[in-house]
Amino acid sequence: MRSSNPVFSRRGFSRDNGYAGANAQQPQAGGPAVGTNPYATGNPYAEGATNPYATNPYAPQDVQTGAPQQVRGNVMTIDDVVSRTAMTLGTVVLTAVLSWLLLPVDPANINKSYGIAIGAFLVALVLSLVQSFKRKPSPALILAYAAFEGVFLGVISAAVSTYIADGVVIQAVLGTMAVFAGVLTAYKMGWIRVNRRFTGFVMAAAMGFMLLMVVNLLFSVFAGGDGLGFRSGGLGILFGVIGVILGACFLALDFKQVEDGVTYGAPREEAWLAAFGLTMTLVWIYLEMLRLLSILQGDD
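What you see is a predicted model; the values in this text were computed from it and never measured.

Caption draft 1: Representation of the overall build of the protein chain within the structure. Of regular secondary structure, the protein chain possesses 7 helices and 2 strands. When the helices and strands of the protein chain are listed from N to C terminus, the series reads β-β-α-α-α-α-α-α-α. Buried residues in the protein chain amount to 48% of all 300 residues. Within the protein chain, contacts between residues separated by at least 24 positions form 80% of all contacts whose residues are at least 6 apart in sequence.

See below:
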């Protein structure tokens, strides 16, 4: 099981402490050997993939056969993912509201507020990178990321609401919730199949999207204005829609990974990584939705 991240590379959940769950499959012939990287032979979400937790070298061994025994306790559940995600998103919302109220974006303090927002974004970026490369989830690190991300979102949202269109923030929040509900429904109904082809397409599209955004930023810094025009006008609307669609695709990957973790008996601590990935994906969707709605209302 892997935690999704719409900005950085997909980081695998820790394999060393995985436990085989009640529904765990036995290793197939020709599958990865015990103690080896279960992801080295291909995408774990491809059809026919073996259980990445079924070959845990640290699981209790059967005294007669020497095969790993199935362990039912201390495994991740949907309730664990929901509670951890609620804590992480709650931290984002709380710090966003506080920053909105305590850091007004009036002309007299606009530079100070923007400076704090940029600083909070950079700190959140560093914290997310550190967590992405850690072998095990750190609840304190994830909640700290959520707090600084909330500060950034609060200031940006207040600025958009003040200078572009009042009420656009509520619309972006409702839009993000609608995307979440829609993707969850489509996934549960089986309308979205997350397999190797789907994962590869989403990752390739995300890399291309991010590359274009970086090029646009460089052009805007050195040439001034909106760079290549990806942040305004018709082109901005198109890329805003693409950004929201990419976020929806990442949500589908997140749901698949959570489902696999619960099915294969991932350790309970991995619920924090699921919450981390879901939070980052929802932040991505909210920012793209906010930008898209801002362009649409700005053109009215």
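Caption draft 2: How the structure looks around the confidence of the model for the protein chain. Of the residues in the protein chain, 70% have a pLDDT of 70 or more, and the chain-wide mean is 78. Low pLDDT, under 50, characterises residues 1–48; the stretch is placed with 134 contacts to residues that sit more than four places away or in other chains. Note that pLDDT drops below 50 for residues 54–71; the model gives that stretch 34 contacts with residues more than four away or on any other chain.

Caption draft 3: A look at the pattern of salt bridges. The final tally for this structure, using the stated rule, is 4 salt bridges. Among the ionic pairs, aspartate 80 bridges to arginine 268, the shortest N-O distance being 3.3 Å. On the criterion of sequence distance, the pair formed by aspartate 80 in helix α1 (residues 78–102) and arginine 268 in the loop between α6 (233–264) and α7 (270–298) is long-range, its members being 188 residues apart. Since its relative accessible area comes to 10%, aspartate 80 is described here as buried. A residue is classified by how much of its surface remains accessible, and arginine 268, at 33% relative accessible area, is partly exposed. The residue lysine 256 makes a salt bridge to aspartate 260 at a minimum N-O spacing of 3.4 Å. Here lysine 256 pairs with aspartate 260, and both are found in helix α6, just 4 residues apart, close to one helical turn.

Caption draft 4: Quick look at the packing of aromatic side chains. A full pass over the atoms with the stated rule returns 7 aromatic pairs. With 5.4 Å between their ring centres and 80° between their planes, tyrosine 145 and phenylalanine 276 make a pair best called edge-to-face. With tyrosine 145 in helix α3 (residues 139–163) and phenylalanine 276 in helix α7, this residue pair connects regions lying 131 residues apart in the sequence. Note on accessibility: tyrosine 145 and phenylalanine 276 belong to one class, buried. Geometrically, the ring pair formed by tyrosine 187 and phenylalanine 255 is tilted, given 6.1 Å between the ring centres and 50° between the ring planes. Of the two residues, tyrosine 187 is situated in helix α4 (residues 168–188) and phenylalanine 255 in helix α6; the sequence distance between them amounts to 68 residues. Owing to a relative accessible area of 10%, phenylalanine 255 belongs among the buried residues under this scheme. One aromatic cluster is present, formed by Phe209, Phe239, Phe250 and Trp284 through successive ring pairs.

Caption draft 5: Summary view of a nonpolar patch on the surface. A cluster of nonpolar side chains, contributed by Val93, Leu94, Val97, Leu98, Trp100, Leu101 and Leu102, occupies part of the molecular surface with about 700 Å² of accessible area. Among the secondary structure elements, tryptophan 100 is positioned in helix α1.

Definitions and cut-offs
Residues numbered from 1 in each chain as written. Predicted model: local features only at pLDDT ≥ 70, side-chain atom pairs only at ≥ 80, totals over all residues. Heavy atoms only, no water. Helix = DSSP H or I, 4+ residues; strand = E, 2+ residues; numbered from the N terminus. Buried < 20%, exposed > 50% of the residue type's maximum accessible area, 1.4 Å probe, protein only. Contact = heavy atoms within 4.5 Å. pLDDT = per-residue confidence, 0-100. Salt bridge = Lys/Arg side-chain N within 4 Å of Asp/Glu carboxyl O. Phe/Tyr/Trp six-rings, centres within 6.5 Å; stacked < 30°, edge-to-face > 60°. Patch = residues over 30% accessible without salt bridge, like charges linked within 9 Å, V, L, I, M, F, W, Y side chains within 5 Å. Areas by Shrake-Rupley, 256 points an atom, 1.4 Å probe, with all protein chains shown as cover.

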